[in-house]
Every structure is written in C-alpha cells, then in structure tokens.
Amino acid sequence: MLVKKMTDLIGRTPLLEIDPSVHGLKNITLYAKLEHLNPFGSLKDRPAWKILQGQIAGAAALDQTVIESSSGNMAKAMSIICNMHGVPFRVVTSRIQVREVKQMLQLLGAEVTEFPGMSSCPDPSDPNNPIAWIERLVAAEPGKYVHTTQFTNEMNTAAHFDGTGPEILADLGGAPVDYFIAGMGTTGSSRGTSEFLRLHNEKLQLIGVVAKKGDGVPGIRNADEMFEVGLFRKELYQQIVEVSIDDAIDGIVTLTRMGVLAGPTSGAAFTAAVKRLREIDATLTEPKKAVFIVNDRVEWYLSYLQKYRPQLFGVEARKDSPRNVNAGQVSKAKELAPAAAEKWLAGGKSALVVDLRGALAFKAGRIAGSINLPTEQLDDLAEWGVPFSQDQRVLFVCPVGDQSKRFVAYFASKGIDCASLKGGFIAWRDAGKPLQKSVSARK
C-alpha cells in the first residue's frame with residue numbers, strides 16, 4: 001500500500017467476528033468494529049479530520065490556533081493533523097484521567113491547559129467548565145482561535161454516518177445490524193453510526209454505555225453528564241447501561257488477551273454488550289447481529305490499569321480504601337441537611353468542612369472555612385492513612401451529595417466523626433446559607 005498522507009489511512013477499519021466461545025451467545029453473532037486501528041489510534045481520527053478538513057488551510061493562512069475541549073483522543077488526533085499543516089493546537093480540559101494521555105499530547109507539542117484538581121463528580125455549580133472557559137477566551141481574542149466545538153459540532157456525527165456506518169453494513173454484505181452498542185462521550189459515534197444503520201433496519205436497538213456515578217472510565221461520561229453534551233439525543237437510545245471501572249477492566253483483559261488491544265471505553269462497551277445481549281439471547285428463536293466499537297488502544301492506559309487493578313502487574317491490591325466502599329456501606333453513611341449540618345458544625349468538637357469539588361468551583365463559592373480536597377486527591381491521600389483527627393468533626397461536601405457519602409462510609413469506619421452534606425453544595429446554596437468566595441473569583 002502506497003500513501004502520501006497519514007490522513008489517507010483514516011477509516012476503512014476491519015470488522016472482527018468475536019468467537020462465540022468468548023461471549024457465550026447462541027443466537028447473536030457479535031462483531032467488533034476495530035476503530036483503534038485508525039492511524040492515530042482511535043475512532044476520533046474520523047471526526048477530527050472531518051471537522052478540520054475544510055478549515056485547516058484557512059487557519060494556517062491566518063496564523064490561527066485550533067482550540068478544543070477534550071479528555072484525550074480528539075485532542076491527540078487534532079494535534080497530529082494540526083502539526084501536519086503547521087497550525088498550533090491547544091487543548092483545554094479537566095478530565096485527563098491518565099498520565100500517558102497527557103504525555104502523548106506533550107510529545108505532540110500541544111499546548112495543554114488543565115484545571116487542576118477538578119473532580120469527575122458532576123458539578124452543576126461550576127461556572128468555569130472548560131467549554132465556557134474556551135468561549136470566553138475566543139470572545140476576548142477575536143480571530144486568534146478556531147474553536148472546533150466537538151460536543152455540539154454535527155460534523156462529529158456526520159463522520160460516523162458517512163464512514164463507520166456504511167463500512168459496517170458493507171462488511172456484513174448488506175445484512176442489517178440488530179443491536180449496536182457504543183460508549184457515550186460526545187455521542188458522535190453512537191448517533192452517526194446508528195442513524196445510518198437504521199436506514200437499513202428501522203428496528204435496530206441502540207444501547208448506550210455510560211460510567212457509574214463516581215467511577216471514572218476514560219472516554220465515557222456518566223448519566224448526569226450526558227445532559228451537558230449538545231449532540232446527545234436521549235430518544236435515539238433504547239437502553240443506557242451503566243458500567244463500573246471493574247467492568248471496563250474486565251473487558252480490557254478479555255479483549256486484549258484475544259488479540260484486540262482495546263482501551264477502557266472498548267472494555268466497557270464489550271462487557272455491557274455481553275451482559276445485555278445474554279439477556280436478549282435467551283429469548284431469541286432466530287439469528288441476530290450485534291456490533292460494538294473498539295475505540296482506542298490499551299497502551300495509553302497502563303497507569304490507569306496499575307491504579308485500579310494492580311494485581312495484573314504482580315502488585316497486591318489495597319483492600320482498605322475509600323475506592324472499595326460498597327453500596328451497602330454507602331447507604332448507611334450519615335447525612336445532614338444544610339440546616340442540621342450548620343448546627344452540627346457549630347456544636348461540640350472543632351469542625352472541618354472538606355469540599356470535594358473542583359478547584360475553580362471551590363474558588364467561586366464555598367462554605368466558609370472549608371478546605372478543598374477533590375475526590376481524586378482525597379482517594380490518593382487515604383492510601384497513606386487517615387488524614388483527619390478523631391478530635392474533630394468532618395463534613396464532606398460534593399456537588400449533589402453522592403460522592404461525599406462514600407468518604408463518610410470509609411472514614412466513619414476509621415473512627416472519624418463525620419457526615420455528608422445532604423444534597424451537596426447545591427442544597428446549601430439553594431437553602432440560602434452563607435457562602436465565601438475567593439477574591440479572584442469575584443472579579
């Protein structure tokens with residue numbers, strides 16, 4: 001094969017039939033669309049090129065910088081394409097969860113602007129999310145940036161309607177797909193591919209895969225976060241399935257050991273597909289076809305795997321950790337509504353308020369006297385011991401009061417007198433309780 005540009009290699013990825021001995025389905029043939037074999041390593045190569053193709057020459061001529069909000073794959077693909085055309089690229093993010101992804105962007109020469117310490121916990125109180133930040137920057141410096149807006153750009157969807165969907169249908173010899181399973185990030189791939197496949201089977205069932213709240217799975221969002229995505233159309237999905245970090249890693253291990261070097265989103269989609277399709281398979285009397293997407297490669301997520309499944313690398317997992325608190329323990333965690341929390345803090349022992357939200361949200365408004373320890377930081381800190389005194393009360397605060405209960409369940413088991421703010425910071429604010437703001441946040 002002779003090519004002149006790497007972008008010529010985008011698309012036309014293979015469709016792999018998964019051996020039934022792997023998934024155990026009797027009536028459903030399961031296929032994997034191997035998008036990790038795109039030249040820059042992910043399915044985002046398609047929309048990155050689709051979006052930039054018509055404007056990259058203009059950006060180069062006007063000495064503009066392409067800017068995008070991304071947690072990894074879109075940024076990597078756009079950065080490479082921009083490099084190929086001599087155009088600077090800047091990524092703004094609060095969600096790079098894996099060291100190797102950031103290192104790859106640095107290797108590519110991208111300017112990485114991070115909001116350090118921001119939580120993956122849904123944060124409707126945060127006025128400084130990356131997209132809003134970009135919009136303010138672009139407005140302040142007209143003509144300097146090209147904002148490619150992947151979360152609302154219909155070219156993102158069109159890349160898969162024009163490419164991924166037709167390729168799947170062609171590889172199946174025109175036979176209709178009955179079930180399509182896809183991780184949900186921007187939803188460009190699940191929307192575009194399914195909209196094309198439905199032209200050939202209006203009964204196609206689209207199964208979206210999201211992360212459980214509090215479980216960070218790179219590349220996909222949780223159910224609450226989906227409503228921040230402009231391309232998301234809930235009515236297109238027949239079912240939305242939640243997966244945990246363990247589900248994603250189980251899928252990675254299975255796929256990788258059969259030769260498909262798949263990352264977390266792909267592992268999550270595979271596990272969700274097998275679980276849901278086994279339920280359907282038991283009711284079928286005729287053959288059906290199902291397809292899921294392998295989004296990107298596993299090599300970029302080795303530190304993520306080491307963090308959440310250290311035993312894969314010969315290291316014993318630490319069982320005593322906030323990350324391992326179960327649902328039963330969380331359900332018994334002490335909660336206090338804002339008024340009760342205010343009285344509880346004022347009485348008896350010295351009190352400490354620990355705000356689990358992101359740094360910018362914390363600066364914008366917080367309970368007076370609180371300290372900022374975003375969830376990831378407190379998870380890591382707890383690995384080294386209990387950072388609180390038994391002589392004080394601790395109130396944990398997150399945006400809506402879900403993540404804070406996990407920490408209450410853990411630290412209460414260590415003898416700490418602690419509680420979760422019921423309804424989170426939103427409930428405190430809506431109750432009209434006093435707020436403190438940083439000087440810089442008031443400007």
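Here, every reference points to the structure presented above.
Thresholds, definitions, all that
Residues numbered from 1 in each chain as written. Predicted model: local features only at pLDDT ≥ 70, side-chain atom pairs only at ≥ 80, totals over all residues. Heavy atoms only, no water. Helix = DSSP H or I, 4+ residues; strand = E, 2+ residues; numbered from the N terminus. Rg over C-alpha atoms; globule rule 2.2 N^0.38 Å. Buried < 20%, exposed > 50% of the residue type's maximum accessible area, 1.4 Å probe, protein only. Contact = heavy atoms within 4.5 Å. Areas by Shrake-Rupley, 256 points an atom, 1.4 Å probe, with all protein chains shown as cover. Lys, Arg positive; Asp, Glu negative; His and termini not counted. Charge placed at Lys NZ, Arg CZ, Asp CG, Glu CD. Pairing = 2+ DSSP bridges. Axes fitted to C-alpha atoms, helices over the stretch in contact; angles between N-to-C directions. Disulfide = S-S within 2.5 Å. Polar contact = N/O pair within 3.5 Å; in protein donor to acceptor, adjacent residues only side chain to side chain. Right-handed = clockwise from strand over helix to strand, strands pointing away. Core = buried A, V, L, I, M, F, W, Y, C linked by side-chain atoms within 4.5 Å. Salt bridge = Lys/Arg side-chain N within 4 Å of Asp/Glu carboxyl O.

Novice: Would you mind going over the overall build of the protein chain with me for this structure?
Specialist: If you tally the helices and strands in the protein chain, you get 18 helices and 15 strands. Taking 22 Å as the expected radius of gyration for a compact globule of 443 residues, we find that the protein chain reaches 23 Å, a close match to that expectation. In terms of its C-alpha atoms, the protein chain occupies a principal-axis envelope of roughly 75 × 60 × 45 Å. When burial is assessed residue by residue, the protein chain has 55% of its 443 residues classed as buried. Here the analysis covers contacts within the protein chain between residues at least 6 apart in sequence; of these, 74% occur between residues at least 24 apart. Of the roughly 19100 Å² that the protein chain leaves accessible, carbon and sulfur atoms contribute 51%. Measuring between centres, the 52 positive side-chain charges of the protein chain sit 4 Å from its 48 negative side-chain charges.

Novice: Just checking my understanding: could you explain the sheet that holds strand E9 (residues 239–243) for this structure?
Specialist: Remark on secondary structure: sheet strands pair via backbone hydrogen bonds, oriented parallel or antiparallel. One open sheet accounts for 6 strands, arranged E1-E2-E10-E7-E8-E9; its pairing is mixed. A strand with exactly one partner marks an edge of an open sheet, and here the two such strands are strand E1 (15–17) and E9. Strand after strand, the sheet turns through a mean of 25° between neighbouring axes, direction not considered. Pairing between strand E8 (residues 205–211) and E9: 5 bridges, direction parallel. Looking across to E9, one finds that Val209 is bridged to Val241.

Novice: Any chance you could explain the state of the cysteines here in plain terms?
Specialist: Defined simply, a disulfide is a covalent bond joining two cysteines at their sulfur atoms. Across all of its chains, the model carries 0 disulfides by this definition. Between Cys418, a free cysteine, and Cys398, which holds the nearest cysteine sulfur, the sulfur-to-sulfur gap is 14 Å. On the basis of relative accessible area, Cys418 is assigned to the buried category, the value being 4%.

Novice: Is there a simple way to explain the side chain of Ser42 in this structure?
Specialist: Mapped onto the elements of the fold, Ser42 is located in the loop between strand E2 (28–34) and helix H2 (45–52). Residue classification places Ser42 among the buried residues on the basis of a relative accessible area of 1%. Engagement of the side chain of Ser42 in a polar contact is seen with the backbone nitrogen of Lys44, the distance being 3.0 Å. For Ser42, the contacting residues outside a window of four places in its chain are Glu35, His36, Asn73, Asn295 and Asp296.

Novice: Is there a simple way to explain the pairing of E8 in this structure?
Specialist: Sheet faces and side chains relate simply in a regular strand, where the side chains alternate between the two faces. The buried fraction of E8 amounts to 6 of the 7 residues, a majority that puts the element mostly inside the structure. As paired strands, strand E7 (residues 179–183) and E8 are joined by 5 bridges and run parallel to one another. Paired with Phe180 across the bridge in E8 is Leu206. You can see the chain leave E7, run along helix H8 (residues 188–198) and come back into E8, and the turn it takes is right-handed.

Novice: Help me understand the nonpolar core, please; the structure alone is not making it clear to me.
Specialist: Nonpolar side chains tend toward joint burial in soluble globular proteins. Grouped together as the largest cluster of nonpolar side chains are 43 residues, with contacts concentrated most on Leu30, Ile181, Leu277 and Phe292. Those elements that provide at least two residues to this core are E2, E7, E8, E9, helix H9 (245–257), helix H10 (264–281), strand E10 (288–294) and helix H11 (302–308). Looking at this core element by element, the count peaks at 8 residues for H10. With 23 residues, the next largest nonpolar core counts Ile56, Val66, Met78 and Ile81 among its residues.

Novice: Teacher, can you tell me more about the pattern of salt bridges here?
Specialist: Pairs may arise between side chains of opposite charge once their charged atoms sit close together. With the rule as written, the count across this model stands at 24 salt bridges. With a shortest N-O distance of 2.6 Å, Arg46 and Glu35 are connected by a salt bridge. Note that Arg46 is positioned in helix H2 and Glu35 in the loop between E2 and H2, a separation of 11 residues in sequence. In this structure, Arg46 and Glu35 share a single accessibility class: buried. With a closest N to O distance of 2.8 Å, Arg297 and Glu299 form a salt bridge.

Novice: Could you clarify how one ought to interpret the pairing of E2 in this entry?
Specialist: Among the 7 residues that make up E2, 6 are buried, leaving the element largely enclosed by the rest of the structure. Pairing of E2 with E10 involves 7 bridges; the strand directions are parallel. Residue pairing across strands places Tyr31 opposite Val291, the latter belonging to E10.

Novice: Quick question: what am I supposed to make of the sheet that holds strand E11 (residues 335–336) here?
Specialist: Reading across the sheet, the 5 strands line up as E11-E15-E14-E12-E13 and stay open at both edges, with parallel pairing between neighbours. Only two strands of the sheet have a single neighbouring strand rather than two, namely E11 and strand E13 (371–372). Looking at chain direction, strand E12 (residues 350–355) and E13 are connected through 2 bridges and run parallel. Directly across from Val354, in E13, lies its bridge partner Ile371.

Novice: Sorry, what's going on with unusual backbone geometry here?
Specialist: At Arg12, a residue that is not glycine, the phi angle is positive and equals roughly 55°. With respect to the helices and strands, the residue Arg12 is situated in the segment before E1.

Novice: Can you walk me through the environment of Asp430 in this structure?
Specialist: As for its position among the elements, Asp430 is in helix H17 (residues 424–430). The class for Asp430 is exposed, based on a relative accessible area of 56%. C-alpha separation for the pair Asp430 and Val315, spaced 115 residues apart in sequence, amounts to 46 Å.

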